[in-house]
Amino acid sequence: MKRIFSGVQPTGNLHLGNYLGAIRNWVRLQSEFECLFCVVDMHAITVWQDPPELKRNIREVTAGMLAAGVDADKHVVFVQSAVPAHAQLAWIFNCVARIGWLNRMTQFKEKAGKNRENASVGLYAYPNLMSADILAYKATHVPVGEDQKQHLELARDTAAKFNNDYKVEFFPQPEPLIFGTAARVMSLRDGTRKMSKSDESDYSRINMTDDADTIALKVRKAKTDPEPLPDTLDALAARPEAANLVGIYAALSDQESAAVLATFAGRQFSEFKKDLTDMAVSVLGPINAEMKRLTADPAHIDAVLKRGAERADAIARPILAEVYDIVGFWRG
Ligand code: TYM
């Protein structure tokens with residue numbers, strides 16, 4: 001059986017990186033896999049979240065997923081904290097995964113920064129909760145952006161160690177699915193940093209809630225260099241901001257970067273940016289309009305999430321019961 005699990009944090013607006021790196025691929029994989037798509041609020045609170053804002057963001061991120069084409073009738077769309085198996089299995093994985101493994105996680109180092117002593121214990125144990133998300137459903141495939149690859153390797157190690165420690169063939173080895181040019185969309189202000197919800201500058205990212213004028217402004221202000229577009233991928237690779245904009249255009253138009261260069265080589269960025277804006281607006285405009293329609297009807301979103309939680313719980317509960325037996329927990 002092929003089952004997908006993937007998640008997104010409700011920590012702010014969804015941006016173009018989330019869309020091209022993850023959600024668009026979720027939509028495309030829906031015809032081939034049984035899918036669970038999760039709004040991971042328990043991961044979100046590993047750094048401080050204002051409670052009313054967290055609730056608002058959960059609905060908004062859900063609306064973004066649905067507007068992008070996630071099918072909540074065929075597949076399971078839900079909020080992590082609504083299904084107890086995530087927390088229950090995460091604790092068991094806290095006792096399976098090793099401190100040395102977590103010490104190697106680059107995302108913790110980046111997020112905790114210099115003041116590690118003051119980071120939450122949750123931020124440190126974050127990857128174990130992610131392993132639990134995936135393995136509570138015995139998911140076999142996990143479509144994500146490049147930045148989640150290391151966490152998935154840890155999930156695979158944890159699954160293997162659990163099986164080995166308890167002498168069972170219980171958890172599968174989940175496969176990461178990471179696709180093409182948009183697996184790592186970079187900041188519009190700095191081509192060496194990834195586009196992120198937590199970047200202070202809103203000009204660093206295109207949000208899925210941005211209207212056409214805002215997209216045009218952000219693309220116009222995006223950092224570039226004075227040279228025209230090159231004609232080879234090698235020449236492009238040496239220019240991170242240029243490479244990022246070409247990569248975004250390629251992903252939005254479903255081409256390879258080389259094909260984009262074949263069309264635009266020798267042209268100035270001022271000209272290319274106009275085409276990029278048009279392309280971004282043509283892809284994001286309809287999603288944006290649908291998001292607006294959905295966010296105006298929170299009762300519908302809540303109903304989707306309620307049903308999703310029930311369906312997710314029905315899958316995870318018997319798996320967790322088996323885990324409890326394997327571990328030797330008392331189940332009454
Ligand atoms: P999150 O919320 O940071 O991002 C959601 C998805 O978007 C991808 N992504 C990007 N892809 C390309 N370029 C970017 N600049 C970019 N920024 C984000 C992420 O790779 C991700 O696929 N820990 C995860 C959520 C999570 C999860 C899981 C994912 C929790 N449990 C289990 C898969 C399976 C996260 O913080 O994603």
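This structure is a prediction, so every number in the text was calculated from the model and none was measured.

Draft legend 1. Examining the overall build of the chain more closely. Within the chain, the secondary structure is distributed over 14 helices and five strands. Over its C-alpha atoms the chain spans a radius of gyration of 21 Å, differing by no more than 12% from the 20 Å that the globule rule assigns to 332 residues. Each of the three principal axes of the chain carries a C-alpha extent, and together these read 70 × 45 × 40 Å. When each of the 332 residues of the chain is scored for burial, the buried share is 50%.

Draft legend 2. Representation of the domain arrangement of the chain. In terms of domains, the chain is made up of domain 1 (3-177 + 297-327) and domain 2 (202-293). With centres defined by C-alpha atoms, the gap from domain 1 to domain 2 works out at 30 Å. The interface of domain 1 with domain 2 comprises 14 residues on the first partner and 15 residues on the second. Regarding the contact of domain 1 and domain 2, the summed buried area is about 1,300 Å², with carbon and sulfur atoms giving 68% of it.

Draft legend 3. View of helix 4 (residues 85-94). Inspection of helix 4 places Ala 85, His 86, Leu 89, Ala 90, Ile 92 and Phe 93 among the buried residues, and these make up the whole buried set. Down the axis of helix 4, the buried side of the element spans an arc of 160°, and every buried residue falls inside it.

Draft legend 4. Representation of helix 14 (residues 298-327) within the structure. Taking 1.5 Å of rise per residue, 30 residues should cover 44 Å, and helix 14 covers 41 Å from first to last C-alpha, within 8% of that figure. At the exit of helix 14 stands Gly 328, carrying a positive phi of roughly 95°.

Draft legend 5. View of the site of the ligand. Within the structure, the ligand sits among 28 residues, and Gln 9, Tyr 126, Asp 133, Asp 147 and Val 185 are positioned closest to it. In this structure, Asp 147 approaches the ligand through a side-chain N or O atom, which is 2.4 Å from an oxygen atom. Met 195 places a main-chain nitrogen or oxygen 2.9 Å from a nitrogen atom of the ligand. Secondary structure elements with two or more residues in the shell around the ligand: strand 1 (3-8), helix 1 (16-29) and helix 7 (121-135).

About the thresholds
- Residues numbered from 1 in each chain as written.
- Predicted model: local features only at pLDDT ≥ 70, side-chain atom pairs only at ≥ 80, totals over all residues.
- Heavy atoms only, no water.
- Helix = DSSP H or I, 4+ residues; strand = E, 2+ residues; numbered from the N terminus.
- Rg over C-alpha atoms; globule rule 2.2 N^0.38 Å.
- Buried < 20%, exposed > 50% of the residue type's maximum accessible area, 1.4 Å probe, protein only.
- Domains from an automatic or database assignment.
- Contact = heavy atoms within 4.5 Å.
- Buried area = accessible area lost by both parts, 1.4 Å probe.
- Arc of directions from axis to C-beta.
- Expected span 1.5 Å × (residues − 1).
- Near = heavy atom within 4 Å.
- Polar contact = N/O pair within 3.5 Å; in protein donor to acceptor, adjacent residues only side chain to side chain.

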